[in-house]
Each structure stands twice: as C-alpha cells, then as structure tokens.
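Spelled out from the first residue to the last, the chains are:
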Amino acid sequence: MWLTFILENVHFASYIFVALVLFAAFWLYFDSWNEKKHLSDGVRVFGFLILALSFVIEGTMVEANVAKFETIQLALRNLGYLGVLI
C-alpha cells in the first residue's frame, strides 16, 4: 500500500517537474521571440508550451486509463515534439 502511494507521488512530482522545466524553456524562448518574431521560432515557442501542457495532463492522471485523456495527451505530445523539431 505504501509503495503504491510513494510511486504515485513520484510519478506526479516528476511529470510536474518536467512540465515546469518545459514551461521555463517556453518562457525564455517567448521572451526572445518577442523581438524577432520569425515564424520558425514561433513554432518552437508554442511547441514547448504544448509539451508542458501534455506533461501536466500526464502527471495528473492517477491510475485512470481513460482513453480520451490518453489520446489528448499523446496528440499534444506529438504536436509539441513536431513544433520543437521544426
């Protein structure tokens, strides 16, 4: 029982930490993008934001294998990776 509790908390904390790191990257890229405003940089900026949102969704899923949330999370993650790669 305690092992499950600890693992769920570690799962939540690690995904929220990754989301905060990605949000910080978004904020730094967004701040520098405000001066240049190139389209390719804008796609990267919002790619980091979408990735951060997907990690927040993944972190808040607690033992719920709801297909709708998993599909949304997977679509956001793929869209975010594509945005960062462009």
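Predicted model, so just to flag it, every value in this text is computed and none were measured.

Novice: Looking at this structure, how should I read helix H1 (residues 2-36)?
Specialist: The end-to-end C-alpha distance of H1, which contains 35 residues, comes to 51 Å, matching closely the 51 Å that a straight helix rising 1.5 Å per residue would cover. Looking at H1, one finds that the buried residues are Ala-19, Leu-22, Ala-25, Phe-26 and Trp-33. Looking at the buried positions of H1, the neighbouring elements they touch are helix H2 (39-60). One or two residues past the end of H1 sits Lys-37, with phi positive at roughly 60 degrees.

Novice: Just to check I follow, could you spell out the confidence of the model for the chain for this structure?
Specialist: When pLDDT is averaged along the chain, the result is 87; 92% of the residues meet or exceed 70. Ranking the elements of the chain by mean pLDDT puts helix H3 (residues 67-85) last with 85 and H1 first with 91.

Novice: Just checking my understanding: could you explain the pattern of salt bridges for this structure?
Specialist: Here the idea is simple: oppositely charged side chains can pair when their charged atoms come close. Within the structure shown, the criterion is met by two salt bridges. With a shortest N-O distance of 3.7 Å, Asp-41 and Lys-36 are connected by a salt bridge. Relative accessible area serves as the criterion here: at 18%, Asp-41 is assigned to the buried category. The class of Lys-36 is exposed, set by a relative accessible area of 51%. For Asp-41, the salt bridge identified is with Arg-44, shortest N-O distance 3.6 Å. You can see Asp-41 and its partner Arg-44 sitting in helix H2, three residues apart, about one turn around the helix. With relative accessibility at 25%, the residue Arg-44 sits in the partly exposed group. Put simply, Lys-36, Asp-41 and Arg-44 are held in one network by salt bridges that share partners.

Novice: For this particular structure, what's the right way to read the packing of aromatic side chains?
Specialist: How two aromatic rings sit relative to each other is given by the distance of their centres and the angle of their planes. Under the criterion given, the structure shown has 11 aromatic pairs. Plain terms: the ring middles of Phe-26 and Phe-46 are 6.2 Å apart, the flat faces sit at 50 degrees to each other, and that makes the pair tilted. Placement of Phe-26 in helix H1 and of Phe-46 in helix H2 is noted, with a sequence separation of 20 residues between them. Judged by its relative accessible area of 38%, Phe-46 is partly exposed. Through a chain of ring-to-ring contacts, the aromatic side chains of Phe-23, Phe-26, Trp-27, Phe-30, Trp-33 and Phe-46 assemble into a single cluster.

Procedures and definitions
- Here the residue index of a chain counts from 1 through its sequence in written order.
- For this predicted model, a pLDDT threshold of at least 70 governs which residues receive local features, and a threshold of 80 or more governs which side-chain atom pairs are given and counted, while totals over whole chains, interfaces and linings are taken from all residues.
- Hydrogens and waters are ignored; side-chain quantities use all the structure's heavy atoms.
- Strands are runs of DSSP state E lasting at least two residues, helices are runs of H or I lasting at least four, and both sets are numbered from the N terminus onward.
- Working rule for helices: expected span equals 1.5 Å times residues minus one.
- Throughout this description, buried means an accessible area under 20% of the type-specific maximum (1.4 Å probe, protein chains only), exposed means over 50%, and partly exposed covers the range between.
- Contact between two residues is taken to exist if any of their heavy atoms lie within 4.5 Å; hydrogens are not considered.
- pLDDT: the predictor's confidence for each residue, scored from 0 to 100.
- Salt bridges, as used here, are contacts in which a Lys or Arg side-chain nitrogen is within 4 Å of a carboxyl oxygen on Asp or Glu.
- A pair of aromatic rings is counted whenever rings of Phe, Tyr or Trp (Trp by its six-membered ring) have centres within 6.5 Å, and the orientation is called stacked for planes under 30 degrees apart, edge-to-face for over 60 and tilted otherwise.

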